[in-house]
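One-letter residues, chain by chain:
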Protein chains: 2
Amino acid sequence: MAFRSLKSQALQTNMDVDYVISYRFANTDKAIAVAKFEQLVKALASIGLATEVRNGDMHSVLLFIRVSSEQHLFGEVYRSRVRDWIHGVRSAAPPKETRKALDTEPLYEAERLRIIYQLITNPVSEGGAGITPKEGEWTNVESIFALHDHAYNKDWIKKWSTSYFLNMEDLDEIRNRLGEKIAYYFAFTQSYFTFLIFPAAFGASAWMLLGHFSPIYAIVSALWCIVFTEYWKHQEVDLGVRWGVRGVSSIEIKRKAFKYEKEITDPVTGETVQIFPATKRLQRQLLQVPFALGAATVLGSLIATCFGIEVFISEVYDGPFKSLLVFLPTGILTTVMPILSGILTNFATQLSTFENYETHGAYETALTQKIFVLNFITSYLPILLTAFVYVPFGNIIVPYLDVFHIAVKPFAENEEQIQVPKTGFSINPARLRKQVIYFTVTAQIVNLGMEVIVPYLKRQFFSKYKQIQSDRAARSGGVAPDASANDPPEEAAFLSRVRNEAELDVYDVTTDLREMVLQFGYLSLFSVVWPLTAVSFLVNDWIELRADAIKICIEMQRPIPWRADTIGPWLDSLSFLTWLGSITTSALVYMFSNDGLGPDGNPSAIKGWALLLTIFFSEHAFILTRWAIRLAISKLDSPGRQKERRERFMVRKRYFEENLSTLEKIPKIAEAGGDVDRASLEEDARTASVKTSTVVNRFWARQRGWKDTVQIGRELIEKAAVERRNEAKKVQ
Amino acid sequence: MAFRSLKSQALQTNMDVDYVISYRFANTDKAIAVAKFEQLVKALASIGLATEVRNGDMHSVLLFIRVSSEQHLFGEVYRSRVRDWIHGVRSAAPPKETRKALDTEPLYEAERLRIIYQLITNPVSEGGAGITPKEGEWTNVESIFALHDHAYNKDWIKKWSTSYFLNMEDLDEIRNRLGEKIAYYFAFTQSYFTFLIFPAAFGASAWMLLGHFSPIYAIVSALWCIVFTEYWKHQEVDLGVRWGVRGVSSIEIKRKAFKYEKEITDPVTGETVQIFPATKRLQRQLLQVPFALGAATVLGSLIATCFGIEVFISEVYDGPFKSLLVFLPTGILTTVMPILSGILTNFATQLSTFENYETHGAYETALTQKIFVLNFITSYLPILLTAFVYVPFGNIIVPYLDVFHIAVKPFAENEEQIQVPKTGFSINPARLRKQVIYFTVTAQIVNLGMEVIVPYLKRQFFSKYKQIQSDRAARSGGVAPDASANDPPEEAAFLSRVRNEAELDVYDVTTDLREMVLQFGYLSLFSVVWPLTAVSFLVNDWIELRADAIKICIEMQRPIPWRADTIGPWLDSLSFLTWLGSITTSALVYMFSNDGLGPDGNPSAIKGWALLLTIFFSEHAFILTRWAIRLAISKLDSPGRQKERRERFMVRKRYFEENLSTLEKIPKIAEAGGDVDRASLEEDARTASVKTSTVVNRFWARQRGWKDTVQIGRELIEKAAVERRNEAKKVQ
């Protein structure tokens, strides 16, 4: 009972801890470990952070950190806000008086944590402690993490798991707790989820009424894809303004790993800057081409092989164990594929590092692009193969498939069983649909399961492992290595909780984002094959959103709250997939119209020129439509945009008023009219007559003031009128 | 002799005149004419402009205007510059002290004239005189124009006609005299001219070595088109910065003709604004679709008919007068086409007006787009017909051409002469090349001639007409209506010169721009047919540049110097033509490979799928390449961009320094380290112990200052080390 109360109390309080550093010295010499530890604490103290050390698990200590005095922190906050203003993130400068600035715009948790984290990690030159986990001299610093706010987490999950939709407040809440970058992920997924309702409903009815490969469905879904992509871009801006992060991506964070080639003095600022020649980087970037090709061939051939075997077994082979052997290729894929893509991803990372980018943003973009290529191949190639190779050219290819008979030879009783029938082989139109269903339902569910279960098992394993260790140690009669041995009882529960959180993984939002984008890809590329796709995704994503929340709360360390004003390079991936969709969908519709058997029930009857013409038209129709939709959406106004415009207007107004004072001093021309003007004219004349009066002076002196001009004008006009009358007379 | 000196003097002096208003009252009642005239002069005087009136030609008076005192003008200049700064056109505010502002950045002629013109035309509410020539109550105000600077004009033309290239200074000069908008046209044409040298050289060698329809030429020319278009965009920005007009297009000038539907209070500024619902405008804009289709059908059918007749006569008919009759269709075209396109252009203008845009920019864009569509049809359709209808389907179509035999029936002696041979008709491959040559050489020369000669003849005619009139009047013995009758002798020459300039046309730069863009179109769409195209253009444009200069100097009134930071909507036309080129060129290359007779010497052998595949690949290659080139060019730095960055940096720096003072007041966290921190901690503890000391306080009180932390840490680490040793022992 008492324990339970302690436990729950432990979950309530965070002991005012801002960050915990897990310092691990398992394989470091004692003396060095101590020295480094001292260095660490000193560094933290030097930037005004209070520290407490406690024992950690398995040869590690936990260093608790908090800001020693709020007053200090406010200074940092003000600095960061001024920096934002100067980089144009906020249109107006924060009030000069700090306290006031914080009252008008209170500090939110994520902002606080971000600033402290930057304080810890920024280089000393920029007033930080320059502590870089696992890097350079800080190899012993295993991780820097904030403590979960369990009370909030509990409410969060409770609330979400009982509500169908997330409203703006929910997203704001996330932004306040976990920072804009993660908030953007949830905002995107939420918006995607909401948009999915339409294609789900329409898809369902299309499935019932229009059948497969319906052109109507194709058009509607393409339109939907465009609208969604473009509208999200519109929303992004809005959120950026709402959260006051519009343009943060332009504040570039230097990469510590960046290696400069030479130092030059910037022609603009006059400061010496470290540069890496763009040409040289370009050369390195060109390696992406062989990389992409290589990846395509490696993964492609693996997929193609398995595909071939599968076709062979399911459609040619008819010996024993067929029902079992059919799963052989799937088996190969599920085992080999992860390994391969793991290797390739690793390679992609190295390549991006080798490209040696100056800023985090550039680096992440480069990496994301490569990752996208890999995922594109692994996710879509199988379906593309079926649709555009197997179906149209099946009859030609299948006979050659007997190369794979070696795969099943051991099981076959006689040759006939593995002989490709010379004639009468007909391709299996259902295959494509089966495959799409597999990727859009089965794979998604598996994926979701993995996300939640794998980390869970991992944690289980670790705790077991620790258990065994401590037991062994106990048996060995050594000093009990149990970290919690001499914890102060009132802290015990809290500390054990922290020890657990120290073991958790670090959350990476991009993987979740990637998942969503790839899912969107199936919708835009292949949903015409099976209109129920969106329904499956709708269900999946409702759970996904909650599962991610749970994952962050329970299975990951509390993420460092970074800022962002976009989902970044994934946006381009979205646009690309939408575009590609316009090609694949139209092609599929043409090829598989009347239920997967080509125009006249036979794929061989597909006309090349007709297919290409279809693609040509649909693609250009797409480009045109997208342009129109973009235009229309750009016209839409929104609270965020209004807010921004208002702020801009206010700033502008203030500037103008500041300058008005000067403007007033200058006589407006309008003030000088009529006779004033006459006076000034005469003055001009006088000044002129000082020097000999010139033609010009005489020219302007003929009429004094506007009244004279009018007078002369009248005379001229009247004279002209007279002439006219005379002429008229003469004509008679 | 005396006269000649007067004449030359007249050309030297402008009598300090800033603007001349030609006030015509030919068909207005005398009384009203006088009243309106008084109103006009009064309005001018009210904004501090000095006026002199003189007699004009044919029932008109000339009103000479100048700023009565420079001091007044400076105020206006300062105002306009502050406005620029507030709209972000200039990154820093002009020095508060006007005189200083004008010293650091002297007033250039175009700026002066622009500001005065705006002063005259701006609505009274904005401190102008609200005089709108030919509009509303100012119907009698025929034109407001500045006087040519003949001395400068002479040097200008002399200089240009003797130099091959224009350098930056020449363009700056134009900008200072005629304003940025015209300067941009010359800059564009100059840059285009320079770029032309490459395709001209390459084209010539391709013509000699590679023959027609060479894929190599096609690729190179496509690349060139992309590079030129993208590089010009890059240059535009640079020029914008150089001339200090970057972003002026965002300063929107309200259209006086704009009719608002309802007034609302702007949610942002709180001011009442007049709006016209976007939806309603969209409805009106949709009329563009029927308009475009209508124009296409009307012009298209005309062209098609003439084309048909021509084919019929030249390839079917073999009766008398054939050599003459061949010119029949050309005759029809040259007579009917201008009329038709005149009507359509007029219609386009009305449509754009009907769409009721709020700003001049939006209106011009809308109009330009429509004009482009018309010109696209008239310029390129004939060639497209030949290439993609006549050649591939000639054999099918020609037999039906005998509908045109009525056109020549009267001349035919017998039926055979107008009978389409049932068999053995072969299309004429040379036709396409002939046509391209016609459009890229003959038409260009004719065009150039028209530009220079027509206005000249017009002027001749007018002076004759006036002559006759005055003679008749003289015979009729009425008062001699010769305007110059009672000019003061010393002004006579000057006034007669002004009277001439009053008669001249108003220069419209967009027509010249259109010409260039359309010319570029031939290059990107069809130059593969005849690689010498660029050579012809190179010669043509060298003359064009000079001819335009002469045109502006001699045959047009001095243009009002408007500002601009781009060639505007024509940029989109350029991109579009480049894109389209990637399609037409590839198609032409495929269809006409081996000299205009299809793949195997017979157009009928063209494979639909192969053609489409070619187009598909080339188009996507194009999109990819353009993306790459865009990226590469965006990386290029330039003096202009550096200048801009420097200014931005300076402003930023100043802001930062302004705020630094505040920042200093706040204690940097870094200052508080080690023991200071300890102190603050103890203080915290004290404040805590006032209330009952909580778990949290005790947690943080265990280690006083960082030295304690280090101490405890050491102990923990050492203990762990000991354990490890024990374990190691036990294992043995």
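Residues numbered from 1 in each chain as written. Chains lettered and ligands numbered in written order. Predicted model: local features only at pLDDT ≥ 70, side-chain atom pairs only at ≥ 80, totals over all residues. Heavy atoms only, no water.

K.L.:
What exactly am I supposed to notice about the sheet that holds strand β1 (residues 19-24) of chain B here?
P.N.:
Strands pair in a sheet through their backbones, by hydrogen bonds, and they do so in one of two ways: parallel or antiparallel. Residues and elements named next belong to chain B. Spatially, the four strands line up as an open sheet ordered β2-β3-β1-β4, and their pairing is antiparallel. In this open sheet, the two strands that pair with only one neighbour each are β2 (49-55) and β4 (141-145). Strand-to-strand twist in this sheet, taken as the mean axis angle between neighbours without regard to direction, amounts to 20°. (Pairing = 2+ DSSP bridges. Helix = DSSP H or I, 4+ residues; strand = E, 2+ residues; numbered from the N terminus. Axes fitted to C-alpha atoms, helices over the stretch in contact; angles between N-to-C directions.)

K.L.:
It is not clear to me how the pairing of β4(B) should be interpreted in this structure. Could you clarify?
P.N.:
Residues and elements named next belong to chain B. Among the five residues of β4, four are classified as buried, and the element is accordingly described as predominantly covered. Pairing analysis gives four bridges linking β1 to β4, with the strands arranged antiparallel. Across the sheet, residue Tyr23 finds its bridge partner in β4, namely Val141. (Buried < 20%, exposed > 50% of the residue type's maximum accessible area, 1.4 Å probe, protein only.)

K.L.:
I tried to follow the UniProt feature "transmembrane region" (unreviewed entry) in chain A on my own but got confused; where do I start?
P.N.:
Residues and elements named next belong to chain A. In the numbering adopted here, UniProt assigns the feature "transmembrane region" (unreviewed entry) to residues 182-210, 216-232, 289-313, 325-351, 372-393, 436-457 and 520-539. A helix fraction of 100% and a strand fraction of 0% characterise residues 289-313, whose end C-alpha atoms lie 35 Å from each other. Structurally, residues 372-393 comprises 100% helix and 0% strand, and the distance from its first C-alpha atom to its last is 29 Å. (UniProt positions renumbered as here; feature names shortened; annotations may be inferred.)

K.L.:
Can you walk me through the nonpolar core in this structure?
P.N.:
In globular proteins that are soluble, nonpolar side chains generally tend to be buried together. Within the largest apolar cluster, 200 residues are counted, with the highest numbers of intra-cluster contacts made by A:Phe186 and B:Phe186. Sequence-distant contacts of A:Phe186, defined by excluding residues within four places in its chain, comprise A:Trp156, A:Trp160, A:Leu171, A:Ile174, A:Leu545, A:Asp548, A:Ala549 and A:Ile552. (Core = buried A, V, L, I, M, F, W, Y, C linked by side-chain atoms within 4.5 Å. Contact = heavy atoms within 4.5 Å.)

K.L.:
Whenever I open this one, the sheet that holds strand β1 (residues 19-24) of chain A confuses me. Can you help?
P.N.:
All names here are of chain A. A sheet is described by the order of its strands in space; here four strands give the open sequence β2-β3-β1-β4, paired in antiparallel fashion. Each having just a single partner strand, β2 (49-55) and β4 (141-145) make up the two edges of the open sheet. Strand-to-strand, the axes of this sheet are offset by a mean angle of 20°, without reference to chain direction. Across the sheet, helix α17 (residues 489-503) is in contact with β1, β2, β3 (60-67) and β4; its angle to β3 comes to roughly 105°.

K.L.:
Which parts of the structure should I look at to understand the environment of A:Lys254?
P.N.:
All names here are of chain A. Position of Lys254 among the secondary structure elements: in the loop between α9 (215-242) and β5 (262-265). Linking Lys254 and Thr194, residues 60 residues apart in sequence, is a C-alpha distance of 37 Å. Not counting residues up to four positions away in its chain, the partners in contact with Lys254 are Glu358 and His360.

K.L.:
Could you clarify how one ought to interpret the pattern of salt bridges in this entry?
P.N.:
It is possible for side chains bearing opposite charge to pair when their charged atoms get close. By the definition in use, this model includes 65 salt bridges over all chains. Among the salt bridges present, the one from A:Glu501 reaches A:Arg497, with a minimum N-O distance of 3.2 Å. Separated by four residues within a single helix, A:Glu501 and A:Arg497 lie in helix α17, roughly one turn from each other. For the pair A:Glu501 and A:Arg497, a shared accessibility class is recorded, and that class is buried. B:Glu490 serves as the salt-bridge partner of A:Arg702, at 2.8 Å between the closest nitrogen and oxygen. Remark: B:Glu490 occurs in helix α17 (residues 489-503) and A:Arg702 occurs in the loop between α24 (695-701) and α25 (705-731); the pair is interchain, linking two chains. (Salt bridge = Lys/Arg side-chain N within 4 Å of Asp/Glu carboxyl O.)

K.L.:
Any chance you could explain the environment of A:Asn540 here in plain terms?
P.N.:
Residues and elements named next belong to chain A. Note that Asn540 resides in helix α19 (residues 533-555). The class for Asn540 is buried, based on a relative accessible area of 7%. Sequence separation between Asn540 and Ile445 is 95 residues, and the spatial gap between their C-alpha atoms is 7.3 Å. If we skip the residues at most four places from it in the chain, Asn540 touches Gln444, Leu448 and Gln519. A polar contact is formed between the side chain of Asn540 and the side chain of Asp541, at a distance of 3.0 Å. (Polar contact = N/O pair within 3.5 Å; in protein donor to acceptor, adjacent residues only side chain to side chain.)

K.L.:
It is not clear to me how unusual backbone geometry should be interpreted in this structure. Could you clarify?
P.N.:
Excluding glycine, a negative phi dihedral is what most residues carry, and trans is how most peptide bonds are arranged. The backbone phi angle of A:Met15 is positive, close to 55°, even though this residue is not glycine. Here A:Met15 is to be found in the loop between α1 (2-12) and β1. Phi is positive for B:Asp16, close to 60°, though the residue is something other than glycine. Using a relative accessible area of 46% as the deciding quantity, one classes B:Asp16 as partly exposed.

K.L.:
I tried to follow the environment of A:Ser618 on my own but got confused; where do I start?
P.N.:
Residues and elements named next belong to chain A. Here Ser618 shows up in helix α21 (residues 608-635). Counting along the chain gives 32 residues from Ser618 to Ser586, while the straight-line C-alpha distance between them is 6.4 Å. Setting aside chain neighbours within four positions, we find Ser618 in contact with Ser582 and Ser586. A distance of 3.0 Å separates a polar side-chain atom of Ser618 from the backbone oxygen of Ser582.

K.L.:
Help me understand the packing of helix α13 (residues 327-354) of chain A against helix α14 (residues 360-397) of chain A, please; the structure alone is not making it clear to me.
P.N.:
A pair of packed helices is captured by two measures, namely the crossing angle of their axes and the spacing between those axes. All names here are of chain A. Running from N to C, α13 and α14 point in directions that differ by 155°, and their axes come no closer than 9 Å. Between α13 and α14, the crossing angle belongs to the class labelled roughly antiparallel. Handedness of the crossing formed by α13 with α14: right-handed. Facing α13, whose interface residues are Met337, Leu344, Thr345, Ala348, Thr349, Leu351, Ser352 and Thr353, α14 presents Tyr363, Ala366, Leu367, Lys370, Ile371, Leu374 and Thr378. Among the residues making up the contact of α13 with α14, the classes are represented as nine nonpolar, five polar and one charged. (Parallel < 35°, antiparallel > 145°, perpendicular 65-115°, else oblique. Left-handed = near helix turned anticlockwise from the far one by under 90°. Nonpolar A, V, L, I, M, F, W, Y, C, P; charged D, E, K, R; others polar.)

K.L.:
Quick question: what am I supposed to make of the packing of aromatic side chains here?
P.N.:
For any pair of aromatic rings, the description rests on two quantities: the centre-to-centre distance and the angle between the ring planes. Taken as a whole and assessed by the stated rule, the structure comprises 86 aromatic pairs over all chains. A centroid spacing of 6.5 Å and a plane angle of 75° characterise the contact between A:Phe372 and A:Trp570, whose relative ring orientation is edge-to-face. A residue pair is termed long-range when its members are at least 10 positions apart, and A:Phe372 in helix α14 and A:Trp570 in helix α20 (residues 570-596) qualify at 198 residues. Taken as a pair, A:Phe372 and A:Trp570 share a single burial class, namely buried. Residues B:Phe198 and B:Phe202 carry aromatic rings whose centres are separated by 5.9 Å and whose planes lie at 25° to one another, so their mutual orientation is stacked. In this pair, B:Phe198 and B:Phe202 both sit in helix α8 (residues 180-209), four residues apart, roughly one turn of the helix. (Phe/Tyr/Trp six-rings, centres within 6.5 Å; stacked < 30°, edge-to-face > 60°.)

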